[in-house]
Amino acid sequence: MKSQRKLPVLAATAVFMLAITACSGNTPAEAPTEPSATASVSPAQSTASPSPSPTAEASSSPATEPSSTPAEEAQTIHGTGIYVGQIDNHSVEIKTEEGATSFELGAGVEKSLETLNMDDPVVFEYAKRSVEGDSSISQRVLSKLEKKSAESESAAPTTGELPKTKTFKLTLEGMKEEKTATLATGEGYSLYVFDIFTFDAKTGKLAMKVDPGYYAEITKLPSDFNLDALTLEGEKELASTGKVTVLGQKERDRRMTGIRLYLTAMGSGVTREYVVKEMDGQGYIIQLNIPQREASEGFGPHVYASLDSLVNR
């Protein structure tokens, strides 16, 4: 009987030992999964560490922009115009072919302002530079600004080098338009003439084709012209039309550059203007006849652009 009781006990003991062995066997089997997870992280990290190559690409792409931009900005542009005056401590305004234009003063250029007066003809050099934070906006930065002299005039392009045609931006009936004009030569000068005009080189008369009553007459003055005498002459010329008005600088600038005198008179159905324009020391009388008819609005923008393109030759 005692031996029969031992068998169940032995059997139970054997089952218990097998269970322990099975449990202890699972632990080594599962242990490798932890290192394998660690090993899988390691390659991912090593793959991420070369990520500087995309970063390098990202950094190299902006580098291509500066490399082209300085090349453009470094280009020096030469120009001539009429000095209007100082806007503030770091910028000035100059009348150019584009109209009144502001320029930033480059290093040392501010010293040139001491030698300039309003309406002085000037020569200048500048470069276009992008505004920080907005590459779509550029500033004109002067590297040179001085009063135009005989030496600088001799270095300026001659009329033979002027293009045969030129495009102008005009405001017609409230809309901005681009119109092309053709180079024409008068007595000692050249100017650009739009296709709506005829131009008589001998008389200096610029007239509208559709209505010749709209015209401007250009007369070249002697080098020793007297502005006071011309003022009296102009007032006498316009007196028969109506009350003579002298236009101030702001109104002059809306029409043309280089204006020394601008008289106007309005009569019955017509406006007449007597203008003295000076370019590089050479003066011109310009007399305009502007009827109050259908062609009035188109005549003004075209004729002022043509007259403002006038250059000596």
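Everything below is about the structure shown above.
Predicted model, so just to flag it, every value in this text is computed and none were measured.

**Student:** Teacher, can you tell me more about the sheet that holds strand β7 (residues 175–185) here?
**Tutor:** Two orientations exist for strands paired in a sheet by backbone hydrogen bonds: parallel and antiparallel. Taken in spatial order, the four strands line up as β6-β7-β8-β16 in an open sheet, and their pairing is antiparallel. Both outer strands of the open sheet, β6 (165–172) and β16 (311–312), are each paired with one neighbouring strand and no more. Against the sheet, helix α7 (residues 296–308) contacts β6, β7 and β8 (189–194), and its axis sits at roughly 140° relative to β6.

**Student:** Teacher, can you tell me more about the pattern of salt bridges here?
**Tutor:** Pairing between side chains becomes possible if they bear opposite charge and their charged atoms approach one another. Counted by the stated rule, this structure contains 10 salt bridges. The partner of R293 in a salt bridge is D211, and the shortest N-O contact between them spans 2.9 Å. Remark: D211 occurs in the loop between β10 (205–208) and β11 (215–220) and R293 occurs in the loop between β15 (282–291) and α7; sequence separation between them is 82 residues. We classify R293 as partly exposed; its relative accessible area is 46%. Where E237 meets R272, a salt bridge forms, and the shortest distance between an N and an O atom there is 3.7 Å. Taken as a pair, E237 in helix α5 (residues 227–239) and R272 in strand β14 (residues 270–279) lie far apart in primary sequence, 35 residues in all. Classification of E237 as partly exposed rests on a relative accessible area of 34%. Via salt bridges that share partners, E251, R254, R255 and E273 belong to a single interconnected network.

**Student:** Got a minute to help me understand unusual backbone geometry in this structure?
**Tutor:** In terms of backbone geometry, most residues other than glycine have negative phi values and most peptide bonds are trans. One non-glycine residue, D119, lies in positive phi territory at about 75°. Looking at where D119 falls in the secondary structure, it is placed in the loop between β3 (99–105) and β4 (121–131). Residue classification places D119 among the partly exposed positions, given a relative accessible area of 34%. Even without being glycine, E173 reaches a positive phi, approximately 55°. With respect to the helices and strands, E173 occurs in the loop between β6 and β7. What makes E173 exposed here is its relative accessible area of 65%.

**Student:** Quick question: what am I supposed to make of the packing of aromatic side chains here?
**Tutor:** Ring pairs (aromatic) are described by centroid distance and by the angle formed between their planes. Scanning the entire structure with this criterion turns up nine aromatic pairs. Both rings, one in Y189 and one in Y284, keep their centres 5.7 Å apart while their planes meet at 85°; by these two values the pair is edge-to-face. With Y189 in strand β8 and Y284 in strand β15, this residue pair connects regions lying 95 residues apart in the sequence. For Y189, a relative accessible area of 2% translates into the label buried. Residue classification places Y284 among the buried positions, given a relative accessible area of 0%. Site record: aromatic cluster; members linked through ring pairs are F103, F124 and Y126. Lying across the ring of Y215, K205 places its NZ or CZ 4.3 Å from the centre. Above the plane of the ring of Y262 lies R255, whose end atom (NZ or CZ) is 5.3 Å from the centre.

About the criteria used
Residues numbered from 1 in each chain as written. Predicted model: local features only at pLDDT ≥ 70, side-chain atom pairs only at ≥ 80, totals over all residues. Heavy atoms only, no water. Pairing = 2+ DSSP bridges. Helix = DSSP H or I, 4+ residues; strand = E, 2+ residues; numbered from the N terminus. Contact = heavy atoms within 4.5 Å. Axes fitted to C-alpha atoms, helices over the stretch in contact; angles between N-to-C directions. Salt bridge = Lys/Arg side-chain N within 4 Å of Asp/Glu carboxyl O. Buried < 20%, exposed > 50% of the residue type's maximum accessible area, 1.4 Å probe, protein only. Phe/Tyr/Trp six-rings, centres within 6.5 Å; stacked < 30°, edge-to-face > 60°. Lys NZ or Arg CZ within 6 Å of the ring centre and 35° of its normal.

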